[in-house]
There are 2 protein chains.
Amino acid sequence: MKPAILFGGASYEHEISIVSAIALKKVLKTPLTFIFLDAEGGFWHIPAEKMRSNHFSSGDYRKDDPLTLVKGGFEKRGFLKAKPLEGFDTVLNLVHGGQGEDGTIASLMEFFAIPYIGPRKEASVISYNKWLTKLYAEGIGVQTVEYQVLHIDGDRNLDFDFPVIVKPLRLGSSIGVSIVRKREELDFALDVAFEFDDDVLVEPFIEGIEEFNIAGCKTDEGWILSRIEAPQKKEFLDFDQKYLDFARTEGVQEAKIDPTLQKDLEETFEKVYGTLFEGALIRCDFFFASGEILLNEINPIPGSMANYLFDDFAGTLSKLARSLPRPRSIRPDYAYINRVQSAKGPKTGMQD
Amino acid sequence: MKPAILFGGASYEHEISIVSAIALKKVLKTPLTFIFLDAEGGFWHIPAEKMRSNHFSSGDYRKDDPLTLVKGGFEKRGFLKAKPLEGFDTVLNLVHGGQGEDGTIASLMEFFAIPYIGPRKEASVISYNKWLTKLYAEGIGVQTVEYQVLHIDGDRNLDFDFPVIVKPLRLGSSIGVSIVRKREELDFALDVAFEFDDDVLVEPFIEGIEEFNIAGCKTDEGWILSRIEAPQKKEFLDFDQKYLDFARTEGVQEAKIDPTLQKDLEETFEKVYGTLFEGALIRCDFFFASGEILLNEINPIPGSMANYLFDDFAGTLSKLARSLPRPRSIRPDYAYINRVQSAKGPKTGMQD
């Protein structure tokens, strides 16, 4: 596998995608191609030695080679004619949030017939929208925390007692998320969340709930599941903390958990992954309360691909790259048009 | 509004999209730009006078001008340099099924910042996948027929008695759909459906159920709802019949229905449309049984845009074109990277 890391994107997580790409450069020892997507929709080929965060914040990346999407890959402007960008066989979608996770990148890769690791269109839409994640979980028989959805133009009456947690419906990385402990704080928290999305998810906030994260993917050689991590117990990771999280390159200690619970978590992960997430390496964040596993969040492009949870991260990616879903090929044969035309006579077609 | 009709696409409904575009040419009196998407992903500018079905079935369209997607629109190859395709201000997504309805076209239009009429990414994914449509309907409190989903690798045990109706999970236009009256016919029907999709929806088939279709859209000037049609009572429209349906340009008689039912159907339509389908003109097909309205199908790009259901179709499209959702603009300010960099010193960046 010769991966091209696609990162950046028009997303509130643009910066952490850069950090995530820099982390992967450290972790993967193979030669990597780096493709930066700027906030305006321009693609740039970034030489590996320039992969420093200030190369992007300074705008210096604009001195690198711009790329154009073409069938099968990317092209660089050449002196006389365009030439294909070489050196990779699979794009790794590392655009966190926004275009990376809302189905845009998936659509571009499929439309331009570029093999890629990352969530497909349906998987993107379902995991990016927290309400759809709830509906999906319910549909496959996985529990979640109860919730309600508020719309920017709707009322603000809550179905639950405080404390509650307020989240923009379509963002990751804790942006715009607040814990609200009393009614007086609610309006401000909602105003903040509505800055980012017209819809907001409200859930009861469960103090001190146990959390377990597990990452993995399905490959032609079977499931590859990561170690299970019991993340640091802080109320919740805010954007700054998660930002640092995206730079993680060091392995974590496996959570000390009961073997039955471990098996249940792994089975629930596989159920969530199903066929929907084929082609992606995802991380599921679960709650565990009163003996029950609840799905909190599906992260279809986890920070630095959750490399720190795997024993053999590079090997996992390679196996996944060999197991990408093969789209059905659809070729119209014009059978119907031809039939109608032959009934009408060859000259008229269907214009009348 | 100066529309460009985008039609064709890699879809089992490629041909009916051509027919649909020809029908719109008849219905809309304004000058139209025609953009054909061939099955290989190439865009072509088709002169209006060449809009006959045999122009496509013969492959003659390849003598027209190829187009390239660029920021803000399409470009034609010029003699010395590329020049923008002019003459339109809004793309009308008329690619039925496949890329048109699965989120691909929506993603392309948004990525390349081209204003378009059609379902957005989430709306596409939810209406294209009949299981997700069921989950969505349940989530908004709209009833549907009971169902089960079978996977190509799974068992074939049914939860219902015969007759049942078998549908590929992700296609429109009755392709691969069968009514199965007894067990001996089931395997063949499932084999046919699995030719088109790895997942198949099975529902009890309700003989002689009442059906009502209603189309419409939300605009800045309010809701525009079409006449309600009680479609021809045949068991169900097969592909040939639907094919002709896509060529319809003549107005239909309004169904004679009770005013209370009409109001209920209209309200259910608006509930389904919600905020999800903003930017699109959709048709909902409802069942009515035992005094209850059930959502059968959401068609986010109905054949020939269901023009025959509207009193003022051109006016409806114009109002919709002025009411397209405005995407939030996201511009990274590199605040976090700059903060981390200034803490570390300006030279190192985050490479270590």
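See above for the structure.
About the criteria used
Residues numbered from 1 in each chain as written. Chains lettered and ligands numbered in written order. Predicted model: local features only at pLDDT ≥ 70, side-chain atom pairs only at ≥ 80, totals over all residues. Heavy atoms only, no water. Helix = DSSP H or I, 4+ residues; strand = E, 2+ residues; numbered from the N terminus. Rg over C-alpha atoms; globule rule 2.2 N^0.38 Å. Buried < 20%, exposed > 50% of the residue type's maximum accessible area, 1.4 Å probe, protein only. Contact = heavy atoms within 4.5 Å. Areas by Shrake-Rupley, 256 points an atom, 1.4 Å probe, with all protein chains shown as cover. Lys, Arg positive; Asp, Glu negative; His and termini not counted. Charge placed at Lys NZ, Arg CZ, Asp CG, Glu CD. Pairing = 2+ DSSP bridges. Axes fitted to C-alpha atoms, helices over the stretch in contact; angles between N-to-C directions. Least-squares fit on C-alpha atoms with pLDDT ≥ 70 in both. Polar contact = N/O pair within 3.5 Å; in protein donor to acceptor, adjacent residues only side chain to side chain. Phe/Tyr/Trp six-rings, centres within 6.5 Å; stacked < 30°, edge-to-face > 60°. Lys NZ or Arg CZ within 6 Å of the ring centre and 35° of its normal. Core = buried A, V, L, I, M, F, W, Y, C linked by side-chain atoms within 4.5 Å. Buried area = accessible area lost by both parts, 1.4 Å probe. Salt bridge = Lys/Arg side-chain N within 4 Å of Asp/Glu carboxyl O. Nonpolar A, V, L, I, M, F, W, Y, C, P; charged D, E, K, R; others polar.

**Some remarks on the overall build of chain A**
Part 1 of the reasoning: The number of helices and strands found in chain A is 11 helices and 16 strands.
Part 2 of the reasoning: Radius of gyration (C-alpha) of chain A: 23 Å, near the 20 Å computed for a compact globule of 352 residues.
Part 3 of the reasoning: Projected onto the principal axes, the alpha-carbon positions of chain A cover approximately 70 × 55 × 40 Å.
Part 4 of the reasoning: Counting across all 352 residues of chain A, residues that qualify as buried make up 58%.
Part 5 of the reasoning: A separation threshold of at least 6 residues defines the contact pool for chain A, and within that pool the share at least 24 residues apart is 67%.
Part 6 of the reasoning: Carbon and sulfur atoms make up 49% of the accessible area of chain A, which totals about 14,900 Å².
Part 7 of the reasoning: Here chain A holds 41 positive side-chain charges and 55 negative ones, and the gap between their average locations is 9 Å.

**Some points on the sheet that holds strand 13 (residues 210-219) of chain A**
Residue and element names in this part refer to chain A.
Part 1 of the reasoning: Ordered in space as 14-13-15-16, the four strands form an open sheet in which the pairing is antiparallel. Edge positions in the open sheet fall to strand 14 (222-229) and strand 16 (292-299), since each of these has one partner strand only. Mean inter-strand twist for the sheet, computed between neighbouring axes without regard to direction, equals 30°.
Part 2 of the reasoning: Taken together, the seven bridges between strand 13 and strand 15 (residues 282-289) define a ladder with antiparallel strand orientation. The residue bridging Asn213 from the neighbouring strand is Asp285, located in strand 15.

**Focus: the relation of the copies chain A and chain B**
Part 1 of the reasoning: Under the fitted operation, chain A is carried onto chain B by 0.0 Å of movement along the axis and a turn of 180°, and the coordinates agree to an RMSD of 0.0 Å. On this basis, the relationship between the two copies can be described by a two-fold rotation axis.
Part 2 of the reasoning: Both copies share a contact surface, since 100% of the interface residues of chain A are interface residues in chain B too.

**Some words on the pairing of strand 2 (residues 33-37) of chain A**
Residues and elements named next belong to chain A.
Part 1 of the reasoning: Of all five residues making up strand 2, five are buried, and the element is well covered by its neighbours.
Part 2 of the reasoning: A two-sided burial pattern is seen for strand 2, the buried positions comprising Thr33, Ile35 and Leu37 on one face and Phe34 and Phe36 on the other.
Part 3 of the reasoning: Both strand 1 (residues 3-8) and strand 2 contribute to a ladder of five bridges, which runs parallel. Looking at the pairing, Leu6 lines up with Ile35 of strand 2.
Part 4 of the reasoning: Here four bridges tie strand 2 to strand 3 (residues 43-46), and the two strands are oriented antiparallel to one another.

**Observations regarding the side chain of Ser124 of chain A**
All names here are of chain A.
Part 1 of the reasoning: Residue placement: Ser124 occurs in helix 5 (residues 121-128).
Part 2 of the reasoning: At 2.7 Å, the side chain of Ser124 forms a polar contact with the backbone oxygen of Arg120.
Part 3 of the reasoning: Among all residues touching Ser124, those that are not within four sequence positions of it are Glu101, Asp102, Gly103, Ala106 and Pro119.

**Observations concerning helix 5 of chain A**
Part 1 of the reasoning: The buried fraction of helix 5 of chain A amounts to eight of the eight residues, a majority that puts the element mostly inside the structure.
Part 2 of the reasoning: All of the buried residues in helix 5 of chain A are Lys121, Glu122, Ala123, Ser124, Val125, Ile126, Ser127 and Tyr128 of chain A.

**Quick word on the packing of aromatic side chains**
Centre distance and the angle of the planes are the two values used to describe a pair of aromatic rings.
Part 1 of the reasoning: Counting across every chain of the model gives 32 aromatic pairs over all chains.
Part 2 of the reasoning: Each ring, one from Phe56 of chain B and one from Tyr61 of chain B, has its centre 6.3 Å from the other, and the planes form 25°; the classification is stacked. Taken individually, Phe56 of chain B and Tyr61 of chain B each receive the classification buried, so the pair is uniform in this respect.
Part 3 of the reasoning: Pairing Trp223 of chain B with Tyr273 of chain B gives two aromatic rings, centres 5.2 Å apart and planes at 80°, and the pair type is edge-to-face. Placement of the pair is Trp223 of chain B in strand 14 (residues 222-229) and Tyr273 of chain B in helix 9 (residues 259-273), with a sequence separation of 50 residues.
Part 4 of the reasoning: The class of Tyr273 of chain B is buried, set by a relative accessible area of 0%.
Part 5 of the reasoning: Pairwise contacts between aromatic rings join Phe7, Phe34, Phe36, Trp44, Phe56 and Tyr61 of chain A into one cluster.
Part 6 of the reasoning: For the cation-ring pair, Arg120 of chain A lies above Tyr116 of chain A, with the distance from its terminal atom to the ring centre recorded as 3.7 Å.

**A look at the nonpolar core**
A general tendency of soluble globular proteins is for nonpolar side chains to be buried together.
Part 1 of the reasoning: In this structure, Phe7 of chain A together with Phe7 of chain B are the most contacted members of the largest nonpolar core, which totals 134 residues.
Part 2 of the reasoning: Sequence-distant contacts of Phe7 of chain B, that is, excluding residues within four places in its chain, are made with Ser17, Ile18, Ala21, Phe34, Ile35, Phe36, Leu37, Ile46, Met51, Phe56, Leu94 and Val95 of chain B.
Part 3 of the reasoning: Core analysis: the next-biggest nonpolar cluster, separate from the first, contains 40 residues, Phe74 of chain A together with Ala4, Leu108 and Phe111 of chain B among them.

**Things to note about the interface of chain A and chain B**
Part 1 of the reasoning: In this complex, chain A contributes 73 residues to the contact, which on the side of chain B involves 73 residues.
Part 2 of the reasoning: Summing the contributions of chain A and of chain B, the shared interface buries around 5,900 Å²; its carbon and sulfur component is 60%.
Part 3 of the reasoning: In terms of surface lost to chain B, no three residues of chain A exceed Phe111, Arg328 and Ile330 of chain A, which account for 13% of the buried area on that side.
Part 4 of the reasoning: Lys121 of chain B is the salt-bridge partner of Asp102 of chain A, the closest N and O atoms lying 3.5 Å from each other.
Part 5 of the reasoning: At the boundary of chain A and chain B, one finds 16 residue pairs in polar contact (both at pLDDT 80 or more).
Part 6 of the reasoning: Looking at the side of chain A that touches chain B residue by residue, the class counts come to 34 nonpolar, 19 polar and 20 charged.

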